[in-house]
Amino acid sequence: MIQINFTPKKYVEKIYSNIIIAKLIVVGIILIVVLVFVSVLHYTKYKSLKLENENFVREYKLLESQVILSRKIEDDIKKVENYIFQIEKLNKNRYNYVAFMQDLVNNLPATVWFSGIDTRTTSDFIEVKINVNSNSLEDLLWWFSYIDSNKKRYSDAKIAAINYSFDYYTTQISYKYKYEI
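Residues numbered from 1 in each chain as written. Predicted model: local features only at pLDDT ≥ 70, side-chain atom pairs only at ≥ 80, totals over all residues. Heavy atoms only, no water.

A. Representation of the pairing of strand β5 (residues 168–177) within the structure. Here 9 bridges tie strand β2 (residues 126–134) to β5, and the two strands are oriented antiparallel to one another. Note that in β5 the partner of Ile 130 across the bridge is Ile 173. Alignment of strand β3 (residues 154–159) against β5, held across 4 bridges, turns out to be antiparallel. Looking at β5, one finds that Lys 158 is bridged to Ser 174. Bridging between strand β4 (residues 163–165) and β5 involves 3 bridges; their strand directions are antiparallel. Bridged to Tyr 164 within β5 is Tyr 169. (Pairing = 2+ DSSP bridges. Helix = DSSP H or I, 4+ residues; strand = E, 2+ residues; numbered from the N terminus.)

Given below as structure tokens:
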């Protein structure tokens, strides 16, 4: 069987063009809805990020003063530590010379005297060179023997040649002194 369409060609074309226009409108509306939806999503994301940024800026301003205060406190701590270090540096060997001089003269025989004392301070001990004079050779040797045998405070004790001139003996004694209780 054969079908024959008696509708005019213009009418069919008009229907097809209306269908195409309707499809384009539907696609346009769908695109507009999708575009509006995406825009709303981006806008809400923008607003939330803007609020978060404002919160961070407020928190930064709040913490900035605390950071400045903490830096000031750190600088003060460094100054105090430097001050304490300088005091410790001054006090480190401060009493060594007092103890050294007391030890030097405590056991010194009455016939022994000094014509010169040369000292050099190192980190652990004092290097000592003493020009010694004595009326008695026995007292001079006894005093050197005392220094040489007291290993707790004296080390590397050495005596130079003993010279006799007129009434007294002269020599040089060198040792390292370390104050220990």
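B. Representation of the packing of aromatic side chains within the structure. As enumerated under the stated definition, the model contains 8 aromatic pairs in all. The rings of Phe 100, Tyr 154, Tyr 175 and Tyr 177 are connected pair by pair, giving a single aromatic cluster. (Phe/Tyr/Trp six-rings, centres within 6.5 Å; stacked < 30°, edge-to-face > 60°.)

C. Broad picture of the pairing of β2. Of the pairings in the sheet, the one linking strand β1 (residues 112–121) to β2 comprises 9 bridges and is antiparallel in character. Bridge pairing in β2 places Asp 118 opposite Lys 129.

D. Structural context of the side chain of Ser 136. You can see Ser 136 is positioned in the loop between β2 and α3 (137–149). For Ser 136, a relative accessible area of 15% gives the class buried. Polar contacts involving the side chain of Ser 136 include one to the main-chain amide nitrogen of Asp 139, which spans 3.3 Å. (Buried < 20%, exposed > 50% of the residue type's maximum accessible area, 1.4 Å probe, protein only. Polar contact = N/O pair within 3.5 Å; in protein donor to acceptor, adjacent residues only side chain to side chain.)

E. Just the nonpolar core, in detail. Residues Phe 100, Val 128, Ile 130, Val 132, Trp 143, Tyr 175 and Tyr 177 are the most contacted members of the largest nonpolar core, which totals 17 residues. Among the secondary structure elements, those contributing two or more residues to this core are α2 (96–106), β2, α3, β3 and β5. Other than its neighbours up to four places away in sequence, Val 128 contacts Phe 100, Ile 117, Asp 118, Thr 119, Ile 173, Ser 174, Tyr 175 and Tyr 177. (Core = buried A, V, L, I, M, F, W, Y, C linked by side-chain atoms within 4.5 Å. Contact = heavy atoms within 4.5 Å.)

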